Amino acid sequence: MAETSKTATLTLHGETYELPVLSPSAGPDVVDIRKLYAQADVFTYDPGFTSTASCESSITFIDGDKGELLYRGYPIDQLAEKSHYLEVCYLLLNGELPNKTELEDFEYRITRHTMVHEQMHNFFRGFRRDSHPMATMVGVVGAMSAFYHDSLDINDPWQREVASMRLIAKLPTIAAMAYKYSIGQPFVYPRNDLGYAENFLNMCFSVPAEPYKVEPALAKAMDRIFTLHADHEQNASTSTVRLAGSSGANPFACIAAGIACLWGPAHGGANQACLEMLREIGTVDKIPEYIARAKDKDDPFRLMGFGHRVYKNFDPRAKVMKESADEVLDLLGVHDNETLQVAKELERIALEDPYFVEKKLYPNVDFYSGIILEAMGFPTSMFTPIFALSRTVGWISQWKEMIEDPTNKIGRPRQLYTGATTRDYVDVSKR
Ligand code: ACO
């Protein structure tokens, strides 16, 4: 539990209340208002949780002013450069980097859970072929609770661990199946001789009719994309997972809720929306028109891939993503990618424009990820599913942390009611 060394004083209706102030290991102090309603008969009002910490967590830390992101204390750029996704998964889940034996054991266990129940293939076939892969994933991941009955007891640490392994191992299989189904190709079974990212690319792009070899540099870029998206504090989808889990719902149902939340264009859906926007802009000469629209209060248009609730400086993930975009396009021999040129010029102009400077709007992780994924051969509809499979470890780590927290309670916000007060029912003939 965070330390309590200071207090804040609230004066209300002539009464004074002392509120404990908790000191975190990093970040601003937190005023503890848990007893405020009982003591002072008032609620606090904070739609969008802009000033409210919803939980105590020791997994991920963001310093939005410095543009810093830490997983268990390790800076994201170091992990993106030196580590790899499954090691990062172990770190997020367990709090420390694994030693060699622990890592080998973890990788072995994840690899042995990559297949999905064969009956699930029929479930996929119930969807329309043109379903968005996110729609399919929300359904299929939720349905995992109907297939894996032996890992639903959230009070059993062993079952929680098995559910975590299953989710991390099977999400790439499920995302790849959703993709294959949407393009009318046969499902490709996972291959346990391949690495995590390599296996995902193989399940997405190989076909039974001919051999397919995953380019190691592309597998590395894919792995880095997974790492960059692995966790991000109490964002909307993670908070959704925690809220769903706070009622005691099973982990598969909670992750399905997280996937549903991630789909929105203000969150994970921004990578698809961003690439569509860059394509719509099309050429560098059109950029001023779109910048003007983004600044116009009467136009709902926003620059997708720009801005962030927490980062008020460069999103550190966007920096790594930009380097990766150059590397991947180079590797694929794409030297005159118009979308990348539009992206770079848009970034340059926006970063000099007083509107964006004053509002501290910088490119976020989604600004460059779409360009890389498109170059790898993914359609835009797969961008958010890839985000979802990468984020699963973050969701599950946060869910596990919540279940293991003795102070955990069902999440139940209060409200500022502005509706009608008590009134009598009027019969329909008299209305
Ligand atoms: N383009 C133009 N103006 C913007 C943008 C943008 N992308 N983002 C914010 N603004 C402006 C708003 O109009 C607002 O201006 P005002 O103060 O004059 O009214 C101000 O900046 C603050 O914006 P809010 O919406 O209040 O900021 P909030 O923290 O609620 O929103 C969000 C953050 C949702 C990410 C927002 O910046 C946005 O919509 N960005 C585009 C979508 C996007 O890229 N989302 C991905 C986020 S990262 C992720 O989920 C992985």
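Owing to the predicted nature of the structure, the values given are computational and were not obtained by experimental measurement.

(A) Inspection of the packing of aromatic side chains at higher detail. In this structure the tally under the stated criterion is 19 aromatic pairs. A centroid spacing of 6.3 Å and a plane angle of 45° characterise the contact between Tyr 148 and Phe 252, whose relative ring orientation is tilted. Linking Tyr 148 in the loop between α6 (133-147) and α7 (157-182) with Phe 252 in helix α11 (residues 251-262), this pair joins segments that are 104 residues apart in sequence. Ring geometry for Phe 200 and Phe 378: centres 5.9 Å apart, planes at 15°, overall stacked.

(B) Structural detail: the layout of surface pockets. Roughly 230 Å³ of volume is contained in the second largest pocket. Lining the second largest pocket we find 18 residues, and of these Leu 86, Leu 194, Gly 195, Tyr 196 and Ala 197 sit closest to its centre. Mapped by element, the contributors of at least two residues to the lining of the second largest pocket are α4 (100-111), α7, α8 (196-205) and α9 (216-228). Of the residues forming the lining of the second largest pocket, the biggest block, four residues, is contributed by α8. Within the lining of the second largest pocket, the residues separate by chemical class into eight nonpolar, six polar and four charged.

(C) Seen up close, α7. Counted at 1.5 Å a residue, the expected span for α7 with its 26 residues is 38 Å, and the 37 Å between its end C-alpha atoms agrees. Of all the bends found along α7, the most pronounced is centred on Lys 170 and spans about 40°, while Pro 172, a proline, follows it within four residues. In terms of residue burial, α7 counts as a mostly covered element, since 22 of its 26 residues are buried. Measuring from the side-chain oxygen of the N-cap residue of α7 to the backbone nitrogen of Trp 158 gives 2.9 Å; that N-cap residue is Asp 156. Of the residues trailing α7, Gly 184 is marked for its positive phi of about 75°.

(D) Structural context of the sheet that holds strand β4 (residues 60-63). Pairing within the open sheet is antiparallel, and its three strands lie in the order β4-β5-β6. Strands with a single pairing partner mark the edges of an open sheet, and in this sheet they are β4 and β6 (74-75). Sheet topology places strand β5 (residues 68-71) next to β6; two bridges connect them, and they run antiparallel. Note on β6: the bridge partner recorded for Tyr 71 is Tyr 74.

(E) Examining the site of the ligand more closely. Lys 297, Leu 303, Gly 305, Arg 309 and Lys 359 are the nearest of the 20 residues found near the ligand. Here Lys 297 contributes a side-chain N or O atom positioned 2.6 Å from an oxygen atom of the ligand. The separation between an oxygen atom of the ligand and a polar main-chain atom of Gly 305 is 2.8 Å. Against a free-state accessible area of 920 Å², the protein chains account for coverage of 74% of the ligand. For the shell around the ligand, the class distribution of residues is 10 nonpolar, five polar and five charged.

(F) Inspection of the nonpolar core at higher detail. Phe 200, Met 222, Leu 303 and Phe 378 are the most contacted members of the largest nonpolar core, which totals 110 residues. Among the elements that line this core, the one with the most residues is α7, at 13 residues. Setting aside its immediate chain neighbours within four residues, Met 222 contacts Ala 197, Phe 200, Leu 201, Leu 373, Met 376, Phe 378 and Ile 386.

(G) Geometry of empty space enclosed by the protein. The tally for this structure, following the rule as stated, stands at two cavities of 30 Å³ or more. Lining the largest cavity we find Val 116, His 121, Thr 173, Met 177, Phe 187, Val 188, Tyr 189 and Pro 190. Of the residues in the lining of the largest cavity, the class split is six nonpolar, two polar and no charged. As a volume, the second largest cavity reaches approximately 30 Å³. Lining the second largest cavity, in full, are Gly 307, His 308, Tyr 311, Asn 313, Asp 315, Lys 360, Tyr 362, Pro 363 and Asn 364. Its residues placed into classes, the lining of the second largest cavity shows three nonpolar, four polar and two charged.

(H) Layout of the pattern of salt bridges. The full count for this structure, using the stated rule, is 19 salt bridges. The partner of Arg 224 in a salt bridge is Glu 327, with the nearest N and O atoms 3.7 Å apart. In this pair, Arg 224 sits in helix α9 while Glu 327 sits in helix α14 (residues 316-331), placing the two residues 103 residues apart along the sequence. A salt bridge links Asp 353 to Lys 295, with the shortest nitrogen-to-oxygen separation between them at 2.8 Å. One end of the pair, Asp 353, is in the loop between α15 (338-352) and α16 (354-358); the other, Lys 295, is in helix α13 (residues 287-295), with 58 residues separating them in the sequence. With relative accessibility at 10%, the residue Asp 353 sits in the buried group.

(I) View of unusual backbone geometry. Positive phi is not limited to glycine here, since Asp 41 has a value of about 60°. Positionally, Asp 41 belongs in the loop between α1 (36-40) and β4. Overall, Asp 41 belongs to the exposed group, its relative accessible area being 58%. Even without glycine at this site, Lys 360 takes up a positive phi of about 55°. Tracing the sequence through the fold places Lys 360 in the loop between α16 and α17 (366-376). Given a relative accessible area of 40%, Lys 360 falls into the partly exposed group.

Rules of the game
Residues numbered from 1 in each chain as written. Predicted model: local features only at pLDDT ≥ 70, side-chain atom pairs only at ≥ 80, totals over all residues. Heavy atoms only, no water. Phe/Tyr/Trp six-rings, centres within 6.5 Å; stacked < 30°, edge-to-face > 60°. Helix = DSSP H or I, 4+ residues; strand = E, 2+ residues; numbered from the N terminus. 1 Å grid on protein atoms, 1.4 Å probe; cavity = no way out; pocket = protein on both sides within 12 Å on 5 of 7 lines; lining within 4 Å. Points joined across faces, edges and corners; volume = space filled by probe spheres on them. Nonpolar A, V, L, I, M, F, W, Y, C, P; charged D, E, K, R; others polar. Expected span 1.5 Å × (residues − 1). Bend = angle between axes of the 7 residues up to and from the residue. Buried < 20%, exposed > 50% of the residue type's maximum accessible area, 1.4 Å probe, protein only. Polar contact = N/O pair within 3.5 Å; in protein donor to acceptor, adjacent residues only side chain to side chain. Pairing = 2+ DSSP bridges. Near = heavy atom within 4 Å. Areas by Shrake-Rupley, 256 points an atom, 1.4 Å probe, with all protein chains shown as cover. Core = buried A, V, L, I, M, F, W, Y, C linked by side-chain atoms within 4.5 Å. Contact = heavy atoms within 4.5 Å. Salt bridge = Lys/Arg side-chain N within 4 Å of Asp/Glu carboxyl O.

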